[in-house]
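Take a look at the letters that make up each chain.
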Amino acid sequence: MMKEIIVTPLSQELRESLQDKINQKTKPPGSLGKLEKLALQAGLIQETLTPALKKPAVIVFAGDHGIAADGVVNPFPQAVTAQMVYNFLQGGAAINVFCRQHQLQLIVVDAGVNHVFPRHPMLKDRKIAMGTQHMLRGPAMSQDQCRLAMEAGAEEVRMLHEGGCNIIGFGEMGIGNTSAAALLMSHFTSIPVADCTGAGTGSNTQQLAQKKAVLQQVIQHHPSPRTALQALATFGGFEIAMITGAILQAAALKMIVVIDGFIVTSALLAAVAMQPAVKDYCVYAHCSEEKGHKAMLGFLGVQPLLQLDMRLGEGTGAAIAIPVIQSAVLFLEEMASFSSAQVSNRNSI
C-alpha cells in the first residue's frame, strides 16, 4: 500500500528577507547570477535565512525493460544493465568518481534488473520483477506494480532523510530506458513521439529509425492513459517509477531535489502531473544532449544550471551540480555584507 504523499507549495514568507540578505553581500546586485537564485530557492525550501546542505546523496535506480529484450530499440544488449550495476558496486563508473570527488553518499537500488545479484552493502534489493513487460504486448507494468515501485523509491528517500540528508540527486541505469522516457515525454507534453526519441546509448541512423517506428507502434497499441499513474505504468520502467516516488517524497520532506537528465526528467513529468508543486523543490542540474531533454525543460518552464554536453545518465549531472548548489548556500552564509565589511554600497554613495 503506497502512503499518501502531499507536496505543499513553497512558503514565500522569507522571500523578501532572503533577497535582501543576498543583495547586501559585497557584490553588485545579481553579479553571482544563478548562484543567487539557488541561494534564494534553498532558503525558501528549508524555510530559513541560513540554508545548509547536509549529508548530500545520490540514489541510482536500475531496471530492465521488456521493450529492450529483442535488441531492436537499443544497440547494447540488455545484459549491460546488470554489468553496469556491478561496475557501480566496484566503484568504476563515472557516478562513482564524481561522488567520491564531492563526498556524496551513493546508493544503488535494484528496481527490477533481469539478474539476481549477491548481497552487497551498497546495493538495495527493491526488485519488483525481472524487468518490465514488452509494451507491444501490454502495459510495461500493472498499476499495482507501479504503486509498489513508487513507494519503494519514497521509502529510500525517507530513510536518508531520517539520517539527516536534506539534498538528494537521482540517477538511473537501464538499457532501453530512453525509449520509456520518450514515450512518457510524448504522453505528458503531447509532442509527437518521433520528436522525443534520440539515439540513447548510441543508435546509428538505421537503429534510430527502427526505434522511432517501434515507439510509434507502442503509442498506437495503447489508448491514451487517463491518469499520470496509468501513463507511468503503461510506458515507464521500474527504475523510472521509483524515481517518481522518490522525487515526490523528497519534495514532501522539503529536501532540495536535484534533477539529472532525460530519464530522471521523464519521471519528474509524471511527478508534476500528480503534484504540480513538486517543481518548486527541484534544481535542474544540466541540459542533456539526449534529444528531447531541452524540450522537456521548456515544457516545465525551467532553466538548467549547467550545460556540459553530457548525456550519460547515472545521476552524473546531479553529482556535478551539487557542489555548485553548495557554493550558493556558502556565499549566503559566509560572504561579508557591505555593513560588516565596512564597504560602501551604491545606496551609500
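A. Just the nonpolar core, in detail. One finds Ile59, Ile95, Ile168, Phe170, Ile247, Leu268 and Val278 to be the most contacted residues of the largest nonpolar core, which totals 120 residues. In terms of residue count, the dominant contributor to this core is helix H10 (residues 238-252) (10 residues). If sequence neighbours within four positions are ignored, Ile59 has contacts with Ile107, Val109, Glu156, Val157, Leu160, Ile168, Gly169, Phe170 and Gly171.

B. Examining the packing of aromatic side chains more closely. Taken as a whole and judged by the stated rule, the model has 2 aromatic pairs. Between the aromatic rings of Phe61 and Phe170, the centroid separation amounts to 6.3 Å while the plane-to-plane angle is 40 degrees, which identifies the pairing as tilted. Of this pair, Phe61 sits in strand E1 (residues 57-63) while Phe170 is found in strand E4 (residues 167-173), placing the two residues 109 residues apart along the sequence. Like Phe170, Phe61 is buried.

C. Main features of the packing of helix H2 (residues 34-46) against helix H13 (residues 316-334). Packing of H2 against H13 brings their axes to within 8 Å, and their N-to-C directions diverge by 80 degrees. Comparing their axes, H13 and H2 come out roughly perpendicular. Seen from H2, the contacting residues are Leu35, Glu36, Leu38, Ala39 and Ala42; seen from H13, they are Val324, Ile325, Ala328, Val329, Phe331 and Leu332. Here the contact of H2 with H13 is composed, by residue class, of 10 nonpolar, no polar and 1 charged.

D. Just the pairing of E4, in detail. With 7 of its 7 residues buried, E4 lies for the most part within the structure. Looking at chain direction, E1 and E4 are connected through 6 bridges and run parallel. Following the sheet pairing, Val58 is matched in E4 by Gly169. Note: E4 against strand E5 (residues 256-259), 3 bridges, orientation parallel. Along E5, the bridge assignment pairs Ile168 with Val257.

E. A look at the state of the cysteines. Throughout the structure, instances matching the rule amount to 0 disulfides. No disulfide involves Cys165; its nearest neighbouring cysteine sulfur is the one of Cys99, lying 12 Å away. The exposure class assigned to Cys165 is buried, which follows from its relative accessible area of 2%. No disulfide involves Cys196; its sulfur sits 14 Å from that of Cys287, the nearest cysteine. Given the relative accessible area of 0%, Cys196 is considered buried.

Conventions and cut-offs
- Residues numbered from 1 in each chain as written.
- Predicted model: local features only at pLDDT ≥ 70, side-chain atom pairs only at ≥ 80, totals over all residues.
- Heavy atoms only, no water.
- Core = buried A, V, L, I, M, F, W, Y, C linked by side-chain atoms within 4.5 Å.
- Buried < 20%, exposed > 50% of the residue type's maximum accessible area, 1.4 Å probe, protein only.
- Helix = DSSP H or I, 4+ residues; strand = E, 2+ residues; numbered from the N terminus.
- Contact = heavy atoms within 4.5 Å.
- Phe/Tyr/Trp six-rings, centres within 6.5 Å; stacked < 30°, edge-to-face > 60°.
- Axes fitted to C-alpha atoms, helices over the stretch in contact; angles between N-to-C directions.
- Parallel < 35°, antiparallel > 145°, perpendicular 65-115°, else oblique.
- Nonpolar A, V, L, I, M, F, W, Y, C, P; charged D, E, K, R; others polar.
- Pairing = 2+ DSSP bridges.
- Disulfide = S-S within 2.5 Å.

Purely spatial values, then, with no claim about function.
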